[in-house]
Amino acid sequence: MYKRVGVWYPKAVKNVFVEGGGEEMAGKKWLSAVMRLLCGLIDYLILMFPVQLVMLFGMQIPVTSVDFLFRLLFAVYGVLMVEYNHGATLGKMLGRMVVVDKAGGPAPILYVGLRELVKSMYLIPVIGWAFGLVSAVMMFWRGTTLHDMVGNTRVLFRWQVQPPEKDPEEKR
C-alpha cells in the first residue's frame, strides 16, 4: 500500500503518483475495471438501501413499483451527479474517476442520460443481469462497457484527463 495525502492506494497505483503520469495505467485495464466496479457498488449501496427503505416503509409504495422507481431514480442520480459534479458520482469521487466523452471533454447531458438509462437496465432481473455480466466482461477485456458505448463516453482516473486545447481563434 502507498499513502498520498492521507489516502491509501494499492502499489499498482504508486508509479502513477511518483512519476506523475497516467501512461503506466494504460496496460492495467484490470485496475481500472476493478475500481469502476467498486465505484458502481458504492453508488448502488448509497442509493439502494435508504431509497428503497423509504419507499417501502415510509411511503408504503408496493414492491413492484419500488423496483421500477428505484431504477428510474438510479438513472436520474447518475445524470445529475455527472452533469453537475464535474463528471463524477459519489462512488467515482471516492475512486478518483471521472466520466468524459470520447474526446476527453465534458460529456453532453443527452449522452449521459442514455448512458445512465442503459446502466439502470442492468438492474432488470435475468436479461438485465445478463447484459450487466457482458458489460463487466467487456470492461476487463476491452476497457469499455455497453453503457459507455451507448453514451459515447469513457471513464478515466482524474489524473488521466487532459485539459482541452484552446482553439487559436478563441485567443483573439
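Residues numbered from 1 in each chain as written. Predicted model: local features only at pLDDT ≥ 70, side-chain atom pairs only at ≥ 80, totals over all residues. Heavy atoms only, no water.

Visitor: Can you break down the pairing of strand β3 (residues 97-101) residue by residue, with the values?
Guide: Of all five residues in β3, five are buried; the element is thus mostly enclosed. Where burial is concerned, the two faces of β3 agree: the one with Met97, Val99 and Asp101 and the one with Val98 and Val100 are both buried. Bridging between β3 and strand β4 (residues 153-157) involves five bridges; their strand directions are antiparallel. Paired with Asp101 across the strands is Thr153, a residue of β4. (Buried < 20%, exposed > 50% of the residue type's maximum accessible area, 1.4 Å probe, protein only. Helix = DSSP H or I, 4+ residues; strand = E, 2+ residues; numbered from the N terminus. Pairing = 2+ DSSP bridges.)

Visitor: How would you sum up the packing of aromatic side chains? Please name residues and give values.
Guide: Overall, the coordinates contain four aromatic pairs when judged by the stated rule. Within the aromatic cluster, the residues linked to one another by ring pairs are Tyr44, Phe70 and Phe74. (Phe/Tyr/Trp six-rings, centres within 6.5 Å; stacked < 30°, edge-to-face > 60°.)

Visitor: Outline a nonpolar patch on the surface, supporting the account with residue identities and numerical values.
Guide: Nonpolar side chains collect at one region of the surface, where Trp30, Val34, Leu37, Leu38, Leu41, Leu45, Phe49, Leu53, Phe57 and Phe140 lie side by side and expose about 960 Å² of accessible area between them. If one sorts the elements of the nonpolar patch by residue count, helix α2 (residues 29-58) sits on top with nine residues. Here Leu53 shows up in helix α2. Overall, the relative accessible area of 45% leaves Leu53 in the partly exposed class. (Patch = residues over 30% accessible without salt bridge, like charges linked within 9 Å, V, L, I, M, F, W, Y side chains within 5 Å. Areas by Shrake-Rupley, 256 points an atom, 1.4 Å probe, with all protein chains shown as cover. Salt bridge = Lys/Arg side-chain N within 4 Å of Asp/Glu carboxyl O.)

Visitor: Describe in detail the nonpolar core, supporting the description with residues and values.
Guide: Residues Cys39, Val79, Val82, Met97, Val99, Ala107, Val112, Val155 and Phe157 constitute the largest nonpolar core, which totals nine residues. Looking at this core, the elements that each hand over two or more residues are α3 (63-84), β3 and β4. With sequence-adjacent residues up to four places away left out, Cys39 is seen in contact with Gly91, Lys92, Gly95 and Met97. In terms of nonpolar packing, the next biggest core, distinct from the first, is built from eight residues, Met48, Phe70, Phe74 and Tyr77 among them. (Core = buried A, V, L, I, M, F, W, Y, C linked by side-chain atoms within 4.5 Å. Contact = heavy atoms within 4.5 Å.)

Visitor: Lay out the pattern of salt bridges with the relevant residues and their values.
Guide: In the structure shown here, the tally under the stated rule is five salt bridges. Two residues, Asp67 and Arg71, come together in a salt bridge whose shortest N-O distance is 2.3 Å. On the criterion of helical spacing, the pair formed by Asp67 and Arg71 is a turn pair, its members being four residues apart in helix α3. On the basis of relative accessible area, Asp67 is assigned to the partly exposed category, the value being 29%. Looking at Arg71, the relative accessible area reads 14%, which means it is buried.

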